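# Observations on the model geometry
Here is what each chain is made of, one letter per residue.
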Amino acid sequence: MPCTGHSHDHDHEDQLGLSLQQYIDTNQVFCLNEHRENAGRSVLKPYEDRLTLEPSLKSPPDDDDIELLMQIPFTEAVSIRTICVGGRASIYRPNGNETDATSAPFTCKVFANRTDLDFDTARDLEADATIELLPPELLVEVQTSDEVGGGTLDFPLRPASKFKMCTSITIFFGDNYAQKMAEAGGGDECDGIPTEINYIGFKGTGTSVKRVAVECVYETRGMKKDHKTRGAEFGAKEGQGFF
C-alpha cells in the first residue's frame, strides 16, 4: 500500500538507501535567486510527492539570470548515495505561452559540507560531483492527471567518499535546457527562459551523529541580483546555525 502522508517518507527504501527527506533541516534551508521566498524549501518534498509539479522553484521570470544556488543542511550527519532533481520539461510553455515559459536545469554541481559558497565561487570551483541531468521528457512513470510529472531518476554521487558524514549539501544550477538550445542555434526565444525545478531528493543513510549548534547570522531569503554572499542579501537576523 502506498504511503499517503509526509510522516511515512522514511518507509521508502530500496537498494540505494532511504529517502533522506526526514533528515533535512527545512527551517535552515535557503536558496539564492529564488522567485519567491522559501520556494527552494518547497521542492524538498516527501518521496511520494516527487511527481507533483507544484509547488516549484524558479529563477525570477523578470530577469535573464537563470542561476540558482541552494544550501541544504541536515539535522544529523548523513551518507548520501544519490540525488534526484525533477523538472517539468526541457522547455515548458503553458498553453503555448512563450511569456510564461520555463526550462528544466541542465547541469547540477553538488558540494558537500561547504557553507561558504556564493555564485562566483560555485561557478568557478570544481564541485565534488557534477551531473548532467536528463531531459524530463525521457523519464516516464505512470501519469494520473495533468498535475503529475513524467518521472524521476536517482543519480549516484561519486566519488562516494565525498558524501559520507555530510552535514550540508550546496547545489548550484548554472544553466538550463533552454540556454543549451539557444547556444546550439535554437533561436533567441530560448535565451533567458527561467529555470524551474519541481523536486529535489536524496537517498542514503543517517549516522545518528548530530550537528553542533553555534551562534551565527543568517538570512531568511537570498537573491543574487545585488549581493554575492550569504548574510548580506536582506536584513540579516540573529539565530541558530549549525556546522
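The following paragraphs examine the structure supplied in this document. Sequence positions are assigned chain by chain, starting from 1 and proceeding in written order. Owing to the predicted nature of the model, reporting of local features is limited to residues with pLDDT of at least 70; listing and counting of side-chain atom pairs is limited to 80 or more, with chain, interface and lining totals taken over all residues. The basis for every side-chain value is the complete set of non-hydrogen atoms in the structure, without hydrogens or water.

## Quick look at the pairing of strand E7 (residues 129–132)
Note the threshold: Using a 1.4 Å probe on the protein chains alone, a residue whose accessible area is under 20% of its type maximum counts as buried, one over 50% counts as exposed, and one in between counts as partly exposed. Secondary structure is summarised from DSSP: a helix means a run of H or I of at least four residues, a strand means a run of E of at least two, and numbering begins at the N terminus for each. Strand pairing is defined by DSSP finding a minimum of two bridges between the two strands.
The alternating pattern of E7 places Ala129 and Ile131 on a buried face and Thr130 and Glu132 on a face that is not buried. By the bridge criterion, 4 bridges tie strand E6 (residues 107–112) to E7 in an arrangement that is antiparallel. Across the sheet, the residue bridging to Val110 is Ala129, located in E7.

## A few points about the nonpolar core
Which entries qualify depends on this criterion: What makes a nonpolar core is a set of buried Ala, Val, Leu, Ile, Met, Phe, Trp, Tyr and Cys residues whose side-chain atoms join them at distances within 4.5 Å.
Of all hydrophobic cores here, the largest spans 33 residues; its most connected members are Ile80, Ile83, Ile169 and Phe202. Elements that contribute at least two residues to this core include exactly strand E5 (68–86), E6, E7, strand E9 (166–173) and strand E11 (199–210). With 8 residues, the single largest contributor to this core is E5.

## Considerations on a nonpolar patch on the surface
Heads up, the condition is: The residues that make up patches have over 30% relative accessible area and no salt bridge, and they are joined within 9 Å when like-charged or within 5 Å when they are Val, Leu, Ile, Met, Phe, Trp or Tyr. Only the protein chains shown count as cover for residues, and the accessible areas themselves come from Shrake-Rupley with a 1.4 Å probe. Counted as salt bridges are all cases of a side-chain nitrogen of Lys or Arg within 4 Å of a carboxyl oxygen of Asp or Glu.
A contiguous nonpolar surface patch, about 260 Å² in accessible area, is contributed by Leu134, Leu138 and Leu153. Within the secondary structure, Leu153 sits in the loop between E7 and strand E8 (155–156). For Leu153, a relative accessible area of 32% translates into the label partly exposed.

## Some remarks on the packing of aromatic side chains
Quick note on the threshold: Working definition: rings of Phe, Tyr and Trp (its six-membered ring) pair if their centres are within 6.5 Å, and the pair is stacked with planes under 30 degrees apart, edge-to-face with planes over 60 apart, and tilted otherwise. Look at NZ for Lys and CZ for Arg. If either is within 6 Å of the ring centre and within 35 degrees of the ring normal, a charge sits over the ring.
Evaluated as defined, the whole model comprises 3 aromatic pairs. Relative to Phe172, the ring of Phe119 lies with its centre 6.3 Å away and its plane at 75°, an arrangement referred to as edge-to-face. Here Phe119 is found in helix H2 (residues 119–124), whereas its partner Phe172 is found in strand E9, with 53 residues between them in sequence. Like Phe119, the residue Phe172 is buried in the burial classification. Arg50 extends its terminal NZ or CZ atom over the ring of Tyr47, reaching a point 4.2 Å from the ring centre. Taking the ring centre of Tyr92 as reference, the NZ or CZ of Arg88 above it sits at 4.5 Å.

## Brief notes about the environment of Lys210
The following threshold applies: In this analysis, two residues are considered to be in contact whenever any of their non-hydrogen atoms come within 4.5 Å of each other. A 3.5 Å cut-off defines polar contacts: any pair of N or O atoms within that distance qualifies, except that in protein one atom must be a possible hydrogen donor and the other a possible acceptor, and neighbouring residues in sequence count only when both atoms are side-chain atoms.
Its place among the elements puts Lys210 in strand E11. Looking at Lys210, the relative accessible area reads 56%, which means it is exposed. For Lys210 and Glu76, which are 134 residues apart along the polypeptide, the C-alpha to C-alpha distance reads 4.2 Å. Discounting chain neighbours no more than four positions away, the residues touching Lys210 are Thr75 and Glu76. At 3.3 Å, the side chain of Lys210 forms a polar contact with the side chain of Glu76.

## Details of unusual backbone geometry
Of note, the amide linkage connecting Glu54 to Pro55 takes the cis form, showing an omega dihedral of -5°. With respect to the helices and strands, Pro55 occurs in the loop between helix H1 (39–42) and strand E4 (57–58). Here the bond from Arg158 into Pro159 is cis, since omega is 0°, no more than 30 degrees from zero. Tracing the backbone through its elements, the reader meets Pro159 in the loop between E8 and E9. Phi at Asn95 takes a positive value of approximately 55°, unusual for a residue other than glycine. Along the chain, the position of Asn95 falls in the loop between E5 and E6. Judged by its relative accessible area of 85%, Asn95 falls in the exposed class.

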